[in-house]
Amino acid sequence: MKKIILILAFFSIALNAQKIEVFAASSTSKLMLDLKAHFLKTCASCEINFVFGASGKHYQLLRNGRKFDLFFSADSKYPEQIQKDSLALLEPKVYALGILALYFSDENLLKDGLNALTKLRYISIANPRLAPYGEAALQILKNTGLYEKVKDKLILGENVSQALMYVDTKVAEVAILAYSLLVDKEKSKVLLINKSLYEPLRHSFVLTKYLKKDPKKEDLALKFSNFVLSKQGKEIIKKHGFDVE
């Protein structure tokens, strides 16, 4: 009898569970999983499924019919475009400011900073056509006058996580990528890049039109996005290597 009651209770919870599908930029993968863990403490029946990747690529997927309920981009450009495409439920909101850093395979390279790039064989960045952090990496190289000297050394990852992997697997000697992915790395291999060398990466999110027909999903999406913007959410965001406005 107890087993039957437990089974019925399980199915009751499953039927009443709220569930949303969320895209988030690769640079926010650790952050989003931490935000989710804290948020679910207040909503045991809620379910949040993440897809991580390059913002530009997944914007195109959304535009072509891929149903994301929430879209967390590494910039403000794609959420604003989603709104222009009439795919947004509400106006986009900024939730974090991205920080870029150099990540070296060898700590001895750190002392030369950006100048070390001219001496190395391969440099990994995210693909600028797909990922805002790749676009920012190009801005850094051009603003320092290094681009022409190193352009033939660039290895492009589909997203910043892949750019990081290229250094960890020794394919490249250095990567220019999101500091948020390096918070737990050896500090002797990480160097923050002067923020004046790239345009601010205003990480933004937008609720999409796919929430319209489901009040439960819309309610969950609103609750989670409000949590991200809350005081507690901002503290978690800063802990993961981002700034906040």
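Going by the structure above, here's the rest.
What comes next is a walk through the structure. On a predicted model such as this, the values are computed, not experimentally measured, just so you know. (Residues numbered from 1 in each chain as written. Predicted model: local features only at pLDDT ≥ 70, side-chain atom pairs only at ≥ 80, totals over all residues. Heavy atoms only, no water.)

Some points on the overall build of the chain
Consideration 1: Looking only at helices and strands, one finds nine helices and ten strands in the chain.
Consideration 2: Here the chain holds 245 residues, and 48% of them are scored as buried.
Consideration 3: A sequence separation of at least 24 residues applies to 78% of the contacts in the chain between residues at least 6 apart.
Consideration 4: About 12,400 Å² of surface is accessible on the chain, with carbon and sulfur atoms providing 53% of the total.
Consideration 5: Mean positive and mean negative side-chain charge positions of the chain (37 and 26 charges, respectively) differ by 4 Å. (Helix = DSSP H or I, 4+ residues; strand = E, 2+ residues; numbered from the N terminus. Buried < 20%, exposed > 50% of the residue type's maximum accessible area, 1.4 Å probe, protein only. Contact = heavy atoms within 4.5 Å. Areas by Shrake-Rupley, 256 points an atom, 1.4 Å probe, with all protein chains shown as cover. Lys, Arg positive; Asp, Glu negative; His and termini not counted. Charge placed at Lys NZ, Arg CZ, Asp CG, Glu CD.)

Things to note about the pattern of salt bridges
A pair can form between side chains of opposite charge whenever their charged atoms are brought close.
Consideration 1: Applying the stated criterion to the full structure yields 13 salt bridges.
Consideration 2: Residues Glu158 and Lys57 are paired through a salt bridge, measuring 3.1 Å at the closest nitrogen-oxygen approach. With Glu158 in the loop between β7 (154–157) and α7 (160–168) and Lys57 in helix α3 (residues 55–63), this pair connects stretches of sequence that are 101 residues apart.
Consideration 3: Glu158 sits in the partly exposed class, given a relative accessible area of 32%. (Salt bridge = Lys/Arg side-chain N within 4 Å of Asp/Glu carboxyl O.)

Details of empty space enclosed by the protein
Consideration 1: The tally for this structure, following the rule as stated, stands at one cavity of 30 Å³ or more.
Consideration 2: Roughly 50 Å³ of internal volume is contained in the largest cavity.
Consideration 3: In terms of lining, the largest cavity is formed by Ala25, Ser26, Ser27, Gly53, Ala54, Ser55, Ala74, Ala131, Pro132, Tyr133, Asn159 and Val160.
Consideration 4: Looking at the lining of the largest cavity residue by residue, the class counts come to seven nonpolar, five polar and no charged. (1 Å grid on protein atoms, 1.4 Å probe; cavity = no way out; pocket = protein on both sides within 12 Å on 5 of 7 lines; lining within 4 Å. Points joined across faces, edges and corners; volume = space filled by probe spheres on them. Nonpolar A, V, L, I, M, F, W, Y, C, P; charged D, E, K, R; others polar.)

Let's talk about the sheet that holds strand β4 (residues 93–98)
Consideration 1: Strand order in the open sheet formed by five strands is β2-β1-β3-β10-β4, with mixed pairing between adjacent strands. Edge positions in the sheet fall to β2 (46–53) and β4, since each of these pairs with one other strand and no more. Across the sheet, the mean angle from the axis of one strand to that of its neighbour is 20 degrees, orientation sign disregarded.
Consideration 2: Against the sheet, helix α4 (residues 77–84) contacts β3 (70–72) and β10 (201–207), and its axis sits at roughly 35 degrees relative to β10.
Consideration 3: Along the sheet, helix α8 (residues 215–229) contacts β1 (18–25), β2, β3, β4 and β10; its crossing angle with β1, the most-contacted strand, is approximately 45 degrees. (Pairing = 2+ DSSP bridges. Axes fitted to C-alpha atoms, helices over the stretch in contact; angles between N-to-C directions.)

Digging into the environment of Gln18
Consideration 1: Note that Gln18 resides in strand β1.
Consideration 2: The spatial distance from the C-alpha of Gln18 to the C-alpha of Leu182 is 33 Å, given a sequence separation of 164 residues.
Consideration 3: Among all residues touching Gln18, those that are not within four sequence positions of it are Cys43, Ser45, Cys46, Glu47, Lys216, Asp219 and Leu220.

So, the state of the cysteines
Consideration 1: Taken as a whole, this structure holds one disulfide when the rule is applied.
Consideration 2: Each sulfur of the disulfide joining Cys43 and Cys46 lies 1.5 Å from the other.
Consideration 3: On the basis of relative accessible area, Cys43 is assigned to the buried category, the value being 11%. (Disulfide = S-S within 2.5 Å.)

As for the nonpolar core
Consideration 1: Within the largest apolar cluster, 73 residues are counted, with the highest numbers of intra-cluster contacts made by Leu70, Phe72, Tyr95, Leu100, Leu117, Ile176 and Phe224.
Consideration 2: Ranked by residue count, the leading element in this core is helix α5 (residues 132–143), at six residues. (Core = buried A, V, L, I, M, F, W, Y, C linked by side-chain atoms within 4.5 Å.)

Thoughts on the sheet that holds strand β5 (residues 100–104)
Consideration 1: Strand order in this open sheet of five strands is β7-β6-β8-β5-β9, and the pairing throughout is mixed. The sheet is open, and its two edges are formed by β7 and β9 (190–192), each paired on a single side. Each strand of the sheet is rotated relative to its neighbour by a mean of 25 degrees, with strand direction disregarded.
Consideration 2: Examined bridge by bridge, strand β6 (residues 123–126) and β7 share four bridges and lie parallel to one another. Bridged to Ile123 within β7 is Leu154.

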